[in-house]
Amino acid sequence: MYIVKRQSLPSFSKYLHITQQSSYTSSSHRDAAIYLLQSIQIGGRQFLMFFDTGCSDFLSKYDAIQNLPNNSNLVHPGPVSLGGVGDISTESRHGIYSVSFPVNDGSKATFVGPCLDKVTSKFPTYQLSEIEKEIQQEFTKQGGMISILPKLPSEIGGDVDFIIGIKYL
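Remember, it's a predicted structure, so these values are computed and weren't measured experimentally.

### Points about the pattern of salt bridges
Reasoning step 1: Going through the model one piece at a time under the given rule, you end up with six salt bridges.
Reasoning step 2: When the shortest N-O distance is used, the salt bridge between Asp63 and Arg45 registers 3.1 Å. Of this pair, Asp63 sits in helix α1 (residues 62-66) while Arg45 is found in strand β4 (residues 45-52), placing the two residues 18 residues apart along the sequence.
Reasoning step 3: For Asp63, a relative accessible area of 38% corresponds to the partly exposed category.
Reasoning step 4: Of the residues examined, Arg45 reaches a relative accessible area of 30% and is grouped as partly exposed.
Reasoning step 5: For Asp161, the salt bridge goes to Lys61, with nearest N and O atoms at 3.4 Å. Of the two residues, Asp161 sits in the loop between β12 (155-158) and β13 (162-165) while Lys61 sits in strand β5 (residues 58-61), which places them 100 residues apart along the sequence. Summarising the burial analysis for this pair, Asp161 and Lys61 share the class buried.

Written as structure tokens, this is what we have:
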């Protein structure tokens with residue numbers, strides 16, 4: 001778990017908790033963890049979001065922030081020191097950002113948190129075409145019309161741009 005250690009932060013960010021968890025992998029299970037990932041498109045660019053129930057807050061990758069100039073605002077300039085269990089520490093050179101994402105109903109969802117050069121290691125990439133076919137087949141069996149289902153991306157995974165923690169449930 002990481003905790004923001006800088007007292008000069010705005011009150012809503014003084015007690016920021018960020019956790020990092022590993023998944024167990026054995027010879028009988030390829031990967032026992034379930035990763036909640038969503039690919040979104042804003043302004044013609046794809047971004048990867050990771051919904052992390054082991055994290056309490058929001059993290060953004062600096063490269064992603066640079067590609068969202070109309071959807072992000074610097075709230076508190078860096079550097080911001082982040083400390084964690086076992087005296088592990090890192091620094092957010094870029095500070096704290098507020099980021100707004102468009103929602104289907106026309107509103108915006110706004111998140112606030114530290115901005116880092118990298119928020120996670122690269123996720124494995126998974127192909128979704130077979131999964132999409134299975135969903136469509138089952139949906140059709142239940143009497144549904146495939147045309148109302150959203151189109152899945154061809155794959156999911158890769159470099160994460162944003163982590164959304166459990167605080168934003």
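### Quick look at the packing of aromatic side chains
Reasoning step 1: One pass over the structure, following the stated rule, counts ten aromatic pairs.
Reasoning step 2: A ring pair is formed by Phe47 and Phe162, whose centres lie 5.9 Å apart and whose planes are at 50°; its orientation type is tilted. One end of the pair, Phe47, is in strand β4; the other, Phe162, is in strand β13, with 115 residues separating them in the sequence.
Reasoning step 3: On the basis of relative accessible area, Phe47 is assigned to the buried category, the value being 1%.
Reasoning step 4: With a centroid separation of 6.4 Å and an interplanar angle of 70°, the aromatic rings of Phe58 and Phe101 are classed as edge-to-face. With Phe58 in strand β5 and Phe101 in strand β9 (residues 96-102), the pair connects residues that are 43 residues apart, well separated along the chain. Each member of the pair, Phe58 together with Phe101, is buried.

### Observations regarding the layout of surface pockets
Over the atoms, a rolled probe matching the size of one water molecule traces out where space is still vacant.
Reasoning step 1: Within this model, the second largest pocket holds a volume of roughly 320 Å³.
Reasoning step 2: If you go around the second largest pocket, you meet 14 residues; those closest to its centre are Gln38, Ile40, Pro102, Val103 and Asn104.
Reasoning step 3: Those elements that provide at least two residues to the lining of the second largest pocket are β3 (36-42), β4, β9 and β10 (108-116).
Reasoning step 4: Looking at the lining of the second largest pocket, the element that brings in the most residues is β3, giving five residues.
Reasoning step 5: The residue inventory of the lining of the second largest pocket, partitioned by class, reads ten nonpolar, four polar and no charged.

### Observations regarding the confidence of the model for the protein chain
Reasoning step 1: The share of residues in the protein chain with pLDDT of 70 or more is 79%, and the mean pLDDT across the chain is 81.
Reasoning step 2: Across residues 1-6, where pLDDT falls below 50, the model places 35 contacts with residues more than four positions away in sequence or in other chains.
Reasoning step 3: Note on residues 12-22: pLDDT is under 50 here. Beyond four places in sequence and across chains, it has 33 contacts.

Basis of the calculations
- Residues numbered from 1 in each chain as written.
- Predicted model: local features only at pLDDT ≥ 70, side-chain atom pairs only at ≥ 80, totals over all residues.
- Heavy atoms only, no water.
- Salt bridge = Lys/Arg side-chain N within 4 Å of Asp/Glu carboxyl O.
- Helix = DSSP H or I, 4+ residues; strand = E, 2+ residues; numbered from the N terminus.
- Buried < 20%, exposed > 50% of the residue type's maximum accessible area, 1.4 Å probe, protein only.
- Phe/Tyr/Trp six-rings, centres within 6.5 Å; stacked < 30°, edge-to-face > 60°.
- 1 Å grid on protein atoms, 1.4 Å probe; cavity = no way out; pocket = protein on both sides within 12 Å on 5 of 7 lines; lining within 4 Å.
- Points joined across faces, edges and corners; volume = space filled by probe spheres on them.
- Nonpolar A, V, L, I, M, F, W, Y, C, P; charged D, E, K, R; others polar.
- pLDDT = per-residue confidence, 0-100.
- Contact = heavy atoms within 4.5 Å.

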